[in-house]
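Each chain is listed here by its residues.
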Amino acid sequence: MTTDGTVLATHGLVRQYAPGAGVLGVDLAVPRDCVYGLVGPNGAGKTTLLGLLSGLRRPDAGTIDLAVGPDKLAVVPDVPEFERWLTAAEVVALAGTLVGSAPSPARVAAELARVGLAEAADRRVGGFSRGMTQRLALAAANVGDPELVLLDEPSSALDPAGRAAVLDLIAAWAEQATVLLSSHILSDVQRVADQVGVLREGRLVYQGPLQTLLDRYLSPTWRVRVRGGVAPLRDALDATDWVQGVDDLGGGTLLVRTHSLEQGERGLVVVAAAVGAAVVAMVPEEADLESAFLALTDAGDAA
Amino acid sequence: MNGRTAHPAPMSVARLEWLRLWRTNRLAALLLLFAIFGLLGPVTAVYLPEIIGLASEQEGFEVTIPDPTPPDGIAQYVGNVSQLGLVAVAAVAAMALAVDARPGLAAFYRTRQSGAASWLLPRWLATTLAAVVGWTVGLLAATYETVVLIGALPLDLVLAGWACWAVYLAFVVAVVALAAGVVRSTVGVTAVAVVGLLAVGAVGAIPPLGRWLPSSLVGAPTGLVQGGLDPGDLLKPGLVTVALTVVALVGAVLLARGREL
């Protein structure tokens, strides 16, 4: 049982398949009422870790502390499957019954409507598309009123429309439960997660708020557009010690990377004024998880 | 939204197993197979002497086969279902009990049900009942046709033979459950179970052991109506079969519990 506000914690969790493969001493801490994105390249150990957390695999060492009972833990595997001869409504009703809370017909209908499957309630699921099956899995998970939901690659095999629909459902889920999802699609994680854990070769190399990761591992970057020549401003910025780099994008636009956000915010205008540059626009570049992830893993490689 | 969605039947494990048998046509397949064997058995017993006689005349020699007796009708039925019927039961059972053949589906059950027994035992029970119903339908057909075409049968001994096979079918399905703990695919589970049953049969061919093993129940319906067996002779193998069924089920639960996805 966790005591520090986390709904799920692991301590020294190990499951090794071959030397260097698997999960190698992971200390996970998932705060209550968040969407926790577990990211990492293929083979980093995400599915193994989720298998351990859901009880479908057993650790070689370490412990798992869950602050919720097994009936309040819902698991959606990467490729959910159901009995092909059951209807969607029967699948949801069965899912609720198996966790001890047989749902009313109205509840079943509401769950199916929530995931956009109201019209398919009486269809046998054997004919469902991958996206429909994924949404049905979310309905089957939610019908038990879970407090913690584990989702393994929930959007990886879906088309863009299907991904968007599933991510919207996950975002809505976060209002009533803690969600832990694994994905190698970083833009999906960035869209819904507020906490992230980065797995690399079976080890957790970062864990914490998404924004902290973006701030820590990304150089603040501005796109600066000037009227007239860019050379004076470029040369002045190149000679400034708090500027990490300057790229001339052409068309009077410079891409400027600084060591800190504050230095950029305060210093860029001063340098531009000092060289008499006519600044037309100065727009900060939006940070993305993929860049932070690459910076983080590059740092690991360098170490 | 139609009426079915507004008022669907409450879902339960019992309903799940019923739907598994009904919507997959597995129950219908078992009923049809056993019924066909039940209807063909006595007919074969009646007409086999004529068929062989005609064939032997064309070949220029004479084979004399005695006229059929009522036990021959049951013997033909039991002979047929002892092979293809049991393989069919094993295949139907494997389709239900090979829970881990589809990992996504296995995760659905394993993360919602509290233990392996909760998903294995209902499937074993439902499949056993379906097999026993199929066996019963076939035996009723065979008995009726035998009485009409050949002559009367001792119905108390027919009933005793029915009970022997009911116990044996429960054992067969339990062996399939055990096989599902050893291999994952449906075909693999069927194959391992059939090989296991053949092995039990081979051991049962050893005279001192045969009287104790489940395989002696297979020929019991025939032996009883032919007069070669007394119901009391079947008490020991019946009890051993029940015990082995329990052992197989416990083993199946332990193997399923220890397995990872």
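Computed from a prediction, not measured in an experiment: that's the story for all the values here. (Residues numbered from 1 in each chain as written. Chains lettered and ligands numbered in written order. Predicted model: local features only at pLDDT ≥ 70, side-chain atom pairs only at ≥ 80, totals over all residues.)

Moving on: the overall build of chain B. A count of helices and strands for chain B gives twelve helices and zero strands. When the helices and strands of chain B are read in sequence order from the N terminus, they spell out α-α-α-α-α-α-α-α-α-α-α-α. For chain B, with 261 residues in total, the buried portion stands at 44%. For chain B, restricting intrachain contacts to residue pairs at least 6 apart in sequence, the fraction spanning at least 24 positions comes to 80%. (Helix = DSSP H or I, 4+ residues; strand = E, 2+ residues; numbered from the N terminus. Buried ≥ 20, exposed ≤ 12 C-beta atoms within 10 Å, placed from the backbone. Contact = placed C-beta atoms within 7 Å.)

By way of backbone hydrogen bonds, the strands of a sheet pair with one another, either parallel or antiparallel. Residues and elements named next belong to chain A. Taken together, six strands build an open sheet; the order of strands is E6-E7-E8-E4-E9-E10 and the sheet is mixed. This sheet does not close on itself; its edge strands, each paired only once, are strand E6 (73-76) and strand E10 (203-209). The mean angle between the axes of side-by-side strands here comes to 15°, regardless of whether they run parallel or antiparallel. As defined by bridge partners, strand E4 (residues 35-39) adjoins strand E8 (residues 178-183) across five bridges and the pair is classed as parallel. Considered in E8, the bridge of Gly37 is made with Leu181. Packed onto the sheet, helix H1 (residues 46-53) meets E4, strand E7 (148-152), E8 and strand E9 (195-200) and runs at close to 150° relative to E7. Across the face of the sheet, helix H7 (residues 210-217) comes into contact with E9 and E10 while running at roughly 110° to E10. (Pairing = 2+ DSSP bridges. Axes fitted to C-alpha atoms, helices over the stretch in contact; angles between N-to-C directions.)

Here we take up the nonpolar core. By size, the foremost hydrophobic cluster in this structure holds 153 residues, and its most contacted members are Val92 of chain A together with Leu97, Val173, Val176 and Ala177 of chain B. Among residues more than four places away in sequence, those in contact with Val176 of chain B are Ala90, Ala93, Ala94, Leu97, Val189 and Ala193 of chain B. Ranked by size, the runner-up nonpolar core spans eleven residues in total, among them Val224, Val243, Leu268 and Ala277 of chain A. (Core = buried A, V, L, I, M, F, W, Y, C linked by C-beta atoms within 7 Å.)

Let us now look at the interface of chain B and chain A. At the junction of the two partners, chain B supplies 25 residues and chain A supplies 28 residues. Taken together, the residues of the side of chain B that touches chain A sort by class into eleven nonpolar, eight polar and six charged. (Nonpolar A, V, L, I, M, F, W, Y, C, P; charged D, E, K, R; others polar.)

Residue and element names in this part refer to chain A. With antiparallel pairing, four strands are arranged side by side in an open sheet as E12-E13-E11-E14. Both edges of this open sheet fall to strand E12 (243-250) and strand E14 (278-284), since each of them pairs with a single strand only. When strand polarity is set aside, the average angle formed by the axes of neighbouring strands in this sheet is 25°. Looking at chain direction, strand E11 (residues 221-227) and strand E13 (residues 253-258) are connected through five bridges and run antiparallel. Paired with Arg223 across the strands is Leu255, a residue of E13. Across the sheet, helix H8 (residues 231-238) touches E11, E12 and E13, and the angle it forms with E12 is around 160°.

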